[in-house]
Amino acid sequence: MATIAFLLNGTPQRCNASPDTSILTLLREHLGHTGTKEGCASGDCGACTVAIGEPTANAQSFSSANACITPAHQLQGQHLVTVEGLAKDSHLHPAQEAMIECHGSQCGFCTPGIVMSLFTLHNDLIQRPAPLTPERLEATLGGNLCRCTGYRPIRDAALRMQDIPFERPQWYDAAMPVAESNSNSLEPVDTALFFAQPDSLAALTQLRLKAPQARLVAGGTDLWLESTQRLTSLDQLIDVSRVAELLTIEEATLEKQSGWWIGAGVTYTQLEPLFEEHFPAFAHLLHRLGSQQIRNRGTLGGNIANASPIGDTPPVLLVLGAQVELASAKGNRCIALENFFLDYKQTVLAADEVMSRIFIPQPTQNSELRVWKLSKRREDDISAVLGAFSFRVDQDTLRDVRIAFGGMAAIPKRALAAEAMLEGSPITADAFRAAQQALDDDFQPMSDVRGSQHYRQQAAKNLLERLYLSLSVPDQEVMLHAYAH
């Protein structure tokens, strides 16, 4: 058990909790704050949405998170805001008032989470005034499901709340608590339960050396499902969310290639500005990777190290030529991402190693990137098939062709045979037909609940067909367009 010191709606709290305690469990079972509801317990429905203030930034800046899959110990030194804390005396927060005026609630079970998402949006609009676009509203509420009200009145409430007078609760000016150190102590490693929260890469690698059996947790968006869905005990945890070296984005050069070193603990939300400027198709994908709550917590390094064959970012990183740095107490090594994955959920990471950062090369002149994801739902869903395509067009000839797929093998994998069919070829139906046929040599996908083997084989070929049509008829949309693909 370790002590967590944090603010809850402006009030200092000190709680003892086991390593696998979630924020939702801490609120409801330890502190008796039951306004935050449990819905899916997997980060999908948003009923448990809370807001977390970061002490290193503006204390009035909050991000939404799913309390059911966020480790409670990550509240150390932070400010947690729940639906109980929004009203000031008898005055409701504009998000609450607008939901009432616009009849945005029926059974009310999902309402606290919706209100908290609207609270973070309202706070952002106060901090950085900007027009509330449909895309921004959709991103804010995309992780909140409502099964009985319908979304029209909730959308109306989001637009209405900006016109309602706002009185700041007193907790806006509350001083952040001093975070207690759970950082570098190795004493608990030999006990059945331990939690460590190192603040440097050196401390992390030493902990990893002493406790190779411990689970690493960053955003918790996948790992925590083992606790909530499989009822697995997460009793030995090393939290990497405070390791300084894992939280940076730096321009750099690697092997004469300009690009960016991205810390393994950088979240998708933090990546959006970089991707929007240099990799628009990658940025577009992020809006389908998960909800805003997930993007606020999930990390690029976690998505890679998880080694899922249907992770969304690895196929894109493969075609971009990404490399990963692996760190241990003995030193660091850098390898190409395509050499990182060995088999289903297996990687080259040694027991004493951690992923420290990812290098993404700067796009070459005239290079293009296309990313298309197929899933049962448009948003907030797991991929059935994801295709990533990087190339240049030089006088109607394809150059530097790199193709990768997720969902087509036990690992995210490049389509080397298909690449060979297109490299140096003109943009013709025959060339792409040959590449489609070559996919049968590249992949023998499995059948599961998200798609049969035949579906996946045909879907991958259809994505190549989409690429051909988009290049041969560039001014014509070849598939139904939606905001998030």
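On a predicted model such as this, the values are computed, not experimentally measured, just so you know. (Residues numbered from 1 in each chain as written. Predicted model: local features only at pLDDT ≥ 70, side-chain atom pairs only at ≥ 80, totals over all residues. Heavy atoms only, no water.)

J.: Explain the state of the cysteines here, please?
T.: A covalent bond between the sulfur atoms of two cysteines is what we call a disulfide. One pass over the full model with this rule turns up zero disulfides. The thiol of C40 is unpaired, and the distance to the nearest cysteine sulfur, on C45, comes to 3.8 Å. With relative accessibility at 25%, the residue C40 sits in the partly exposed group. Looking at C68, it has no disulfide partner, and the nearest cysteine sulfur is the one in C48, 3.7 Å off. Taking relative accessible area as the criterion, C68 reaches 3% and is therefore assigned buried. (Disulfide = S-S within 2.5 Å. Buried < 20%, exposed > 50% of the residue type's maximum accessible area, 1.4 Å probe, protein only.)

J.: Just to check I follow, could you spell out helix 15 (residues 453-472) for this structure?
T.: Think of an α-helix as turning once every 3.6 residues; residues three or four places apart then point the same way. End to end, helix 15 covers 29 Å across 20 residues, agreeing with the expected 28 Å (1.5 Å per residue, within 8%). Looking at helix 15, one finds that the buried residues are R456, A459, A460, K461, L463, L464, R466, L467, Y468, S470 and L471. On the buried face of helix 15, the contacting elements are strand 16 (367-374), strand 17 (385-394), strand 18 (397-406), helix 13 (416-422) and helix 14 (429-442). (Helix = DSSP H or I, 4+ residues; strand = E, 2+ residues; numbered from the N terminus. Expected span 1.5 Å × (residues − 1). Contact = heavy atoms within 4.5 Å.)

J.: Any chance you could explain the side chain of H79 here in plain terms?
T.: Considering the arrangement of structural elements, one finds H79 in strand 5 (residues 79-81). A distance of 3.0 Å separates the side chain of H79 from the backbone nitrogen of G10, its partner in a polar contact. Among residues more than four places away in sequence, those in contact with H79 are L7, N9, G10, A51, I52, G53, F62, W171 and M176. (Polar contact = N/O pair within 3.5 Å; in protein donor to acceptor, adjacent residues only side chain to side chain.)

J.: What's the story with the packing of aromatic side chains in this structure? I'm lost.
T.: Each aromatic ring pair is summarised here by two numbers: the centre-to-centre distance and the angle between the ring planes. Under the counting rule described, the total for this entry stands at twelve aromatic pairs. Members of the aromatic cluster, connected to one another through ring pairs, are W260, F275, F279 and F282. Seen from the ring of W261, R357 lies directly overhead, with NZ or CZ sitting 4.0 Å from the centre. (Phe/Tyr/Trp six-rings, centres within 6.5 Å; stacked < 30°, edge-to-face > 60°. Lys NZ or Arg CZ within 6 Å of the ring centre and 35° of its normal.)

J.: Please clarify how the sheet that holds strand 1 (residues 2-8) should be interpreted in this entry.
T.: Two orientations exist for strands paired in a sheet by backbone hydrogen bonds: parallel and antiparallel. Taken in spatial order, the five strands make up an open sheet running 2-1-5-3-4, and their pairing is mixed. Each having just a single partner strand, strand 2 (11-17) and strand 4 (62-66) make up the two edges of the open sheet. Each strand of the sheet is rotated relative to its neighbour by a mean of 40°, with strand direction disregarded. Inspection of the sheet shows strand 3 (residues 49-53) paired to strand 4 by five bridges, in the antiparallel sense. Each residue of the ladder has a partner; that of A51, found in strand 4, is S64. (Pairing = 2+ DSSP bridges. Axes fitted to C-alpha atoms, helices over the stretch in contact; angles between N-to-C directions.)

J.: So what exactly am I meant to see when it comes to the sheet that holds strand 9 (residues 249-254) here?
T.: Strands sit in the order 9-10-15-11-12 across an open sheet of five strands; the sheet is antiparallel. Edge positions in the sheet fall to strand 9 and strand 12 (331-336), since each of these pairs with one other strand and no more. Taking each pair of neighbouring strands and ignoring which way they run, the sheet shows an average axis angle of 30°. For strand 9 and strand 10 (residues 257-263), the ladder comprises six bridges, and the chain directions are antiparallel. Residue I249 lies in a different strand from strand 10, and its bridge partner there is I262. Where helix 6 (residues 201-210) meets the sheet, it contacts strand 11 (323-328) and strand 15 (354-361), and its direction lies at approximately 130° from that of strand 15. Contacting strand 9, strand 10 and strand 15, helix 8 (residues 268-278) crosses the sheet at an angle of about 160° to strand 10.

J.: Any chance you could explain the domain arrangement of the chain here in plain terms?
T.: As a measure of interface size, the accessible area lost when the parts come together is often cited. What the domain assignment lists for the chain is domain 1 (2-173), domain 2 (194-239), domain 3 (244-361) and domain 4 (385-472). Computed from C-alpha coordinates alone, the two centres of domain 2 and domain 3 are separated by 19 Å. Taken residue by residue, the interface counts 14 residues in domain 2 and 17 residues in domain 3. Of the roughly 1200 Å² buried where domain 2 meets domain 3, counting both sides, 67% is carbon and sulfur surface. Between the two partners, domain 2 and domain 3, sit zero salt bridges. Summed over the shared surface of domain 2 and domain 3, the result is two residue pairs in polar contact (both at pLDDT 80 or more). When residues in the side of domain 2 that touches domain 3 are grouped by element, the largest group, six residues, is from helix 6. (Domains from an automatic or database assignment. Buried area = accessible area lost by both parts, 1.4 Å probe. Salt bridge = Lys/Arg side-chain N within 4 Å of Asp/Glu carboxyl O.)

J.: Can you walk me through the packing of helix 2 (residues 94-101) against helix 3 (residues 111-127) in this structure?
T.: To characterise two packed helices, one gives the angle between the axes of the helices and the distance between these axes. Taken N-terminus to C-terminus, the directions of helix 2 and helix 3 make an angle of 125°; their axes are 8 Å apart at the nearest point. The pairing of helix 2 with helix 3 is recorded here as oblique in orientation. Where helix 2 crosses over helix 3, the handedness of that crossing is right-handed. On helix 3, the residues that touch P94, A95, Q96 and M99 of helix 2 are T111, I114, V115, L118, F119 and H122. (Parallel < 35°, antiparallel > 145°, perpendicular 65-115°, else oblique. Left-handed = near helix turned anticlockwise from the far one by under 90°.)

J.: Would you explain the environment of K413 in this entry?
T.: As for its position among the elements, K413 is in strand 19 (residues 413-414). Taking the C-alpha atoms as reference points, K413 and T21, separated by 392 residues in sequence, lie 36 Å from one another. Those residues in contact with K413, other than ones at most four positions away along the chain, are L318, I403, A404, F405, D442 and F443. Within polar-contact distance, the side chain of K413 engages the backbone oxygen of D442 at 3.0 Å.

J.: Hey, could you run me through the side chain of K461 in this one?
T.: On the secondary structure map, K461 appears in helix 15. At a separation of 3.2 Å, a polar atom in the side chain of K461 contacts the side chain of D440. Among residues more than four places away in sequence, those in contact with K461 are Q436, L439 and D440.

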